[in-house]
Structure formats: structure tokens, C-alpha cells
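Analysis of the macromolecular model
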Amino acid sequence: MRDGETAPVQLRLCDASGCRAAGAGALAAALGAALEGGGGQGPRPRLKPVGCLRLCSHGPLLALDHGGASALYGGLTAEQVPTLLAIACNHPGGHDGDRDPRRRALEAHRLDSHHPFFALQHPLVLETCGLVDPTDLDDALAHGAYRQLQRLLATATPAQVRAEVRRSGLRGRGGAGYPTGLKWDTVALQPPAPRLVVANGDEGDPGAFMDRSVLEGDPHRLLEGLAIAAYAVGARHGYIYVRAEYPLAIERLLRAVVQAMERGLLGQADPATGFAFVPELRVGAGAYVCGEETALLASIAGGRGIPRQRPPFPAQAGLAGCPTLINNIETLAALPALLRMGGEAYAAIGPAACPGTKVFSVSGSVVRTGLVEVPMGISLRTVVQTMAGGVPGGIGADGGIKAVQTGGPSGGCLPAALLDTPIDYEGLRALGSSLGSGGLVVLDHSCAMPELARHFMAFCAGESCGKCIPCRAGTVQLADLLERLMQRRATAADLDLIEQLAAVVQRTSLCGLGQTAPNPLVSTLRHFRHEYSERLLPDEPWLS
Amino acid sequence: MAVVTLQVNDTTVAVPAGVPLLQALAAAGVALPTLCHHPRLSPVAACRLCLVELEGASRPLPACVTAAAEGQRLRTDTPALQAGRRLIVELLFAEGNHPCAVCVANGDCELQDAARHVGMDLVSVPYRHPSRQVDASHPLFLLDHHRCILCSRCVRVCDEIEGAHVWAMANRGSATRLIAGLDQPWGTVDSCTSCGKCVAVCPTGALVAREDVPLGRWPTP
Ligand SMILES: Cc1cc2nc3c(=O)[nH]c(=O)nc-3n(C[C@H](O)[C@H](O)[C@H](O)COP(=O)(O)O)c2cc1C
Ligand code: SF4
Ligand code: FES
């Protein structure tokens, strides 16, 4: 939010996990010390910790807001702090600032905020991430937090809220792309009984950090989305399930819950509707499968995180047998912006079959790794090449990219030749990949596809809950067979067996983990089969 | 109680609405191997041997938990189902150590029955020869982990019928293991009533009565 000339000079320092790992803590300490002892010249700039500023590879990131404009710096250290503060305080460093070597050194850290990486972003879920102080409720309120919840409580019935979400065409961002409005109706229209809502923040896909960024950047946004969902389906109680590997997200979320409850934004009955919503936090214990909704419910209930056969779906019978709505963190965090715009306006973004924006975490062999929020339907190429810059030093039309892995261990790989594919659920699925939850890993030509498949298969074998036979016993066999192939000890018969096993594991496993575990294998077999066949032992005709 | 009619392969049968499809299969005279299912215990749909194809469903469904409804058409014998069933049984044989010839359950084993049912003549996946343990700490019974297929019948019977909660599963994936009490020798678990129900429902020779305890000489706790 910019208030033009009256806006205070402020330094927004990214204080999310990525930049913390890159040294944001030391930078914050240096800035703090300098500001403390900074002498009395003019108004002091305010140092504000914020959520992810997107370009994680260039961290620690810092944005300087000054006179209505904003400059973004990357990779700063304590050394540049005095020069930075001099600019912030409008003190040209010496007689001619531009020639000052320290100024030029600082300029070298300046990032081009008109670069497509920033310019092509369409922040809705993340519209406040990087602007608000995630620890400060007043700041969140100043940026519009809880305004949609209060407006809807005052002016809309639950059925009207659901209708608006149906109109928006929003689909679940947790991976399956299930229509959110339809799921809400299914929960709301069950026979009378208590209902529950659950926010799924297990985010176990390697290379995915969308949900973490939402929680670290503006936890109130999730709380508002969850409360809106609760109102829409008639729930009074909800759970937020966050994986234990996200300590900063948990800390901020917990603080946000306390703040919102103390301020009466949550937990107290709304005077008009009587609606009161109490969220509770649950921390995972390190199992990937607990992101699967029935395992998640078992885990919340205090049992082992083991999936069960659906139906009944959680929307029919979930926690304690009550109709339970489970939505992904990003799905819920999209709601405040969606409802502010209205369903129709949201539906106008991106393709009709899957509208809206999607957050992707881009990583792997690319120049710019980080977080992007873009309209659905944008091409993979725009994201990984135009925005992220392709492989460092990569040459050729595809920027040195060999393939893009989407959807983590349940997703697949698309070769560079298919980079112009628009990103949407059905499009990627038709090509044997899947959008998944939003992890995009860029692979260069040094990556062997069978090794990638082996890696993901070993991951799934290790994360299989062990309940059903095809997944428990099939994934280990597949991982071992792929290992054998990588050692060039596999025969054509072994490759046949790999394909048969993959098909059976996909078809017969109980839950989504086993059903999708062979996807990276199957998609790389589809697009890169020669990499498998060239590693096979030559046929031994006398054996057959 | 409402009665529904549905089609199993090409036979039309009538069953009470909502019962597991296994009952419809039985009515049609179709038998499928079932390893995790037990008629007295809650269903878990874990072994995946009873999968059937239901017209209109995107993937095969387990007959042990899927509810019978009017007009369903199901098939139990498509090539994909048969191939899947066989491979699942092969996976089980490769996963544990099942040398039938030297097993006490030889001839009285549901895993063996399943293998015969699916026509398993060889195991196409590599044997894993896991290194497992035998728990001979209980005065009356024996637990041989080599033969355990993790069907969880013992866990359920002890929980749902005996109410003693002796058994549970520990770890995950291929490291999953049946444990007694707090992962301690079975014979040291105080809550075990020595009722023998787990032994009775075990489909293989994993839980057996000890042959060295003469009948009538059961130690009293
Ligand atoms: C193995 C497995 C892991 C999953 N992990 C997650 C996860 O980390 N976060 C998530 O939101 N959904 C995850 N899902 C999907 C959930 O089961 C569920 O579909 C989703 O939370 C529904 O929310 P949505 O409709 O908003 O997408 C996972 C599914 C499977 C099978
Ligand atoms: S598919 Fe895998 S994770 Fe899912 S229930 Fe079966 S063993 Fe567990
Ligand atoms: S008997 Fe149905 S899955 Fe085991």
C-alpha cells in the first residue's frame, strides 16, 4: 500500500526462511544497530520484517520504500548498511554520490524490479506477502485483513458465500484440483450435525514452499480464509495442520491466532449472525503421507497417520464422523482476494476451466529461483525461461533446459520441447505430468531421467505408510529395479517388469501416494524412453 | 431393510442395500482371495486382492468395503484385475520369507490359498530375503515375523473383540512391523490375556500356538 509522499521511509527486510538462510538475520542485526546509533539527522527509516520478497536465490532481499518508490536489493551484507541508510535518509554520500565507490557497490546489489520475474507476477494469494509485518496484527489490519470476513458476516448468508466461490471456478490448490465450491456444498448440505474445517499445511512435496510462504508472509490471510470457509459450511471449529519442519511458519501462525482471538476477530460470536470460529493448530510429525486427507484426519485425531479407503469422503464423514472440509493453505488464502473481487472477476483470470492465479515455487537449475504467482494458463516457458531465466549459462532456444519436473513425487516431467504447454490441471495431466501443488523444478542436461525416477521412487518407498501391499511392497521393488538399471545391470525383461509393476501400483494402491508414486517413472518413460533402453544389458538370446 | 439388485460379471443378484460388495460376490458364487478381510472385524481394505471394477468408477474398488447399491455392474475377472491380483500375491511372497515346505501352516494358510487362486507358478519380482526376528517370549504362542504379511487382523481382533490392545504396527513402508505392547517381547506385555484370538485370525503361520506346550498345561498369569 502506498500513500504517496506521506509514506514513511521504510526498509522491508525479507524475514522468511529462505532469506534467513541467506543471512537476513545478520543483516537485520547490522541494520538495527545502525538505526539505533544512527544520530539525529532527520526521520529514521523504519525497519520492517516481512514475508517472502520472491527472488529467494538472490537473498537476503531488502526493499527500500522511499518517497512512494521502491528499490529492491539482493545479497546485501553488513558492509553495505551505512551506504544504504545514507540513501534512505537522503544523505548523498559525499560530494558526488554516483562516483562514490560505496554507492556503486550498493548499486551492484540493486535488482531490476521491472524484470519479467517481477513484472509478470499477478499477486492475489500473496498480495500482502512481503508488504505486511507477519508479526503485527495492526499492520495486517491496515492492509485489509479480516475485512472480507466481516463484510460477508454482515451482508451474506453462507449459501451466498458458497455461490460466490462456485462462480469463481476456484479449484483446490493441494494437487487434485477439485472444485472448491462443490466441496463446500458437499460439506454444507450434509444432514444436520457439527461440521469441521481443516487447513492442510503439510506441504511435503520436495521443492515446494508455497504454503510455507503464505504462513510466514501473512498468517492472518490464512486465518481469514479459513474463517470464511467455516462460515460458508457451517463450522465453528477448525484445525490448521502444519508440518513440523516449518518452525517459523508455526511460530507466526500461533502468534497470529492468539492476536486474532485476543482482538475478538476470531473466537467471539459475531453480533449479527452468532458465528464464532475457533481455530486450533496441529503440528505434523514428519510423514509425507499425512498430507493425504484421510491420513491427516487420523493424525489430527491422535492416531497413526494412515490413510483409509474413500468413500466415505471426509466431506461426508471426517473427524469424529462429522462432515469435514479439508482445503489446502493456498486455496484458503486465495479467498479474501477472490471474495473482494467477486467470483466473476476471479473467474475471468486465466482459462475458464481452471481460473485464477497459482503460486509456484521455482527451483533447480535456473538463474532465478523463488516464488512466483501467475495466472493459470501461462506457459511453462514463460515461467521457467522468461521469468526464471533458464539454466545459468544455458544456450539455445530452450535456455539449456532439458525438462521441467512438476508436482513432486506424484507429478511428472515434461521435456523442453513441450515448454509451450499452458499450465493447467488437465493440460499437464494429458501429457503424463501433473500440476501438483506448485513445485517446479528445472532440470538441465546433466540430469539423467532414470536417476530422477529412481530418486522419487525411493522417496515414495520411504514415505509409504505400509498399509496396503502394492504401495508398500511395490515401490521398494521399483526403486531397487531402477537402481539396478542405473548400475546397467537390468535387462529388457526387467524393464518390462518395471512397467507392469508401475501400472499395478498405480491402479491398485489404496491412497493417492501409491496411486501417483509411479508418475515420475511413467512420465519419464514416456518422454525419455531412450535413456532407459540405452542403460539395459544387451539381450542374451540363449537365455530366452 | 431395502434390497438392491446388481450385476456381478453376468449374474444378477439381490442383497441388502449397503452391505459390502463381497456379499454380492458370494451370492453370485464368485470367490476372490481376501487376506486383510475378516467377517467379524472392521474392514481396512489393505491387501487389495478383492478389487473389482465397478462400471462408472475411475479405478477398481475393494469389494470388502464398497457398499452395494442398486444397479451396480461389476466385473471381477478382467485381465487387468487378474494381473494385478497375481502381482500383489507375488509381491507378498517376495517381501517376507515364505518357504512353505518348512512352515507349520503349510496346507492351512490363506496366503497359500491366494497363491493357488491367482495361479501363481513363479514369483517374477526379486525375493528380498529380509532379516526378521522370531518372538518366542510368550509361554503359549509364537510370533514369526518372517511370515507376517501385515494384514493387521491380529491388531483389530485384539482391539475390537478382546479389548486388550496388545498389537500395533510400528514404522512405515517396507520397515513396517507388528509390535506387541510398547515394542517389547510379547511375553512381557501385561495386557495380553493369552486368549489366542490373534492366533486364530492370523491368515498365515506368523502367529501360531507353540508346539512345546502340552494342552491343559496353560500357565496361569
Ligand atoms: C500423498 C499425498 C500427499 C498430499 N499432501 C498434501 C499437502 O501437503 N498439502 C495439501 O494441501 N494437500 C495434499 N494432498 C492432497 C490432499 O489429500 C487434499 O486433496 C487437499 O488438501 C485438498 O485441498 P484442496 O481441495 O484445497 O486442494 C496430498 C495427497 C496425497 C495423496
Ligand atoms: S498407497 Fe501407500 S501410503 Fe497409501 S495406504 Fe497404501 S501403503 Fe499407505
Ligand atoms: S480383502 Fe479387501 S482389500 Fe483385503
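Structure: above.
Treat the numbers as computed from the prediction; the structure is a model and nothing was measured.

**What about the sheet that holds strand E6 (residues 134-135) of chain B?**
Residue and element names in this part refer to chain B.
- Pairing within the open sheet is antiparallel, and its three strands lie in the order E6-E7-E10. Each of the sheet's edge strands pairs with one partner strand only, and the pair in question is E6 and strand E10 (207-209).
- Sheet analysis places strand E7 (residues 141-144) next to E10, joined by three bridges and oriented antiparallel. Within E10, the residue paired with Phe141 across the bridge is Ala209.

**Considerations on helix H4 (residues 153-162) of chain B**
- The set of residues buried in H4(B) consists of Arg153(B), Cys154(B), Val155(B), Arg156(B), Val157(B) and Cys158(B).
- Just downstream of H4(B) lies Gly163(B), where phi reads positive at about 70°.

**Points about the interface of chain B and chain A**
- Facing the 33 residues of chain B at the interface are 32 residues of chain A.
- Each partner contributes to the roughly 2600 Å² buried at the junction of chain B and chain A, and carbon and sulfur atoms together form 55% of this total.
- At the surface where chain B touches chain A, the tally comes to four salt bridges.
- Among the ionic pairs, Arg472(A) bridges to Glu95(B), the shortest N-O distance being 2.7 Å.
- Looking at the side of chain B that touches chain A, the elements that each hand over two or more residues are strand E3 (51-54), strand E4 (61-62), helix H2 (79-95) and strand E8 (167-170) of chain B.
- It is H2(B) that provides the largest number of residues to the side of chain B that touches chain A, a total of seven residues.
- The residue inventory of the side of chain B that touches chain A, partitioned by class, reads 20 nonpolar, seven polar and six charged.

**Some thoughts on the site of ligand 1**
Residue and element names in this part refer to chain A.
- Taken together, the neighbourhood of ligand 1 is formed by 18 residues, with Gly174, Lys183, Glu203, Asn328 and Thr331 sitting nearest.
- Taking Asn200, its side chain carries an N or O atom lying 2.9 Å from an oxygen atom of ligand 1.
- Protein chains bury 88% of the 610 Å² of accessible surface belonging to ligand 1 in isolation.
- When contributions to the shell around ligand 1 are tallied by element, the ones reaching two or more residues are strand E9 (324-328) and helix H22 (512-516).
- Ranked by residues supplied to the shell around ligand 1, first place goes to E9 with three residues.
- The residue makeup of the shell around ligand 1, split by class, is three nonpolar, nine polar and six charged.

Conventions adopted
- Residues numbered from 1 in each chain as written.
- Chains lettered and ligands numbered in written order.
- Predicted model: local features only at pLDDT ≥ 70, side-chain atom pairs only at ≥ 80, totals over all residues.
- Heavy atoms only, no water.
- Pairing = 2+ DSSP bridges.
- Helix = DSSP H or I, 4+ residues; strand = E, 2+ residues; numbered from the N terminus.
- Buried < 20%, exposed > 50% of the residue type's maximum accessible area, 1.4 Å probe, protein only.
- Contact = heavy atoms within 4.5 Å.
- Buried area = accessible area lost by both parts, 1.4 Å probe.
- Salt bridge = Lys/Arg side-chain N within 4 Å of Asp/Glu carboxyl O.
- Nonpolar A, V, L, I, M, F, W, Y, C, P; charged D, E, K, R; others polar.
- Near = heavy atom within 4 Å.
- Polar contact = N/O pair within 3.5 Å; in protein donor to acceptor, adjacent residues only side chain to side chain.
- Areas by Shrake-Rupley, 256 points an atom, 1.4 Å probe, with all protein chains shown as cover.

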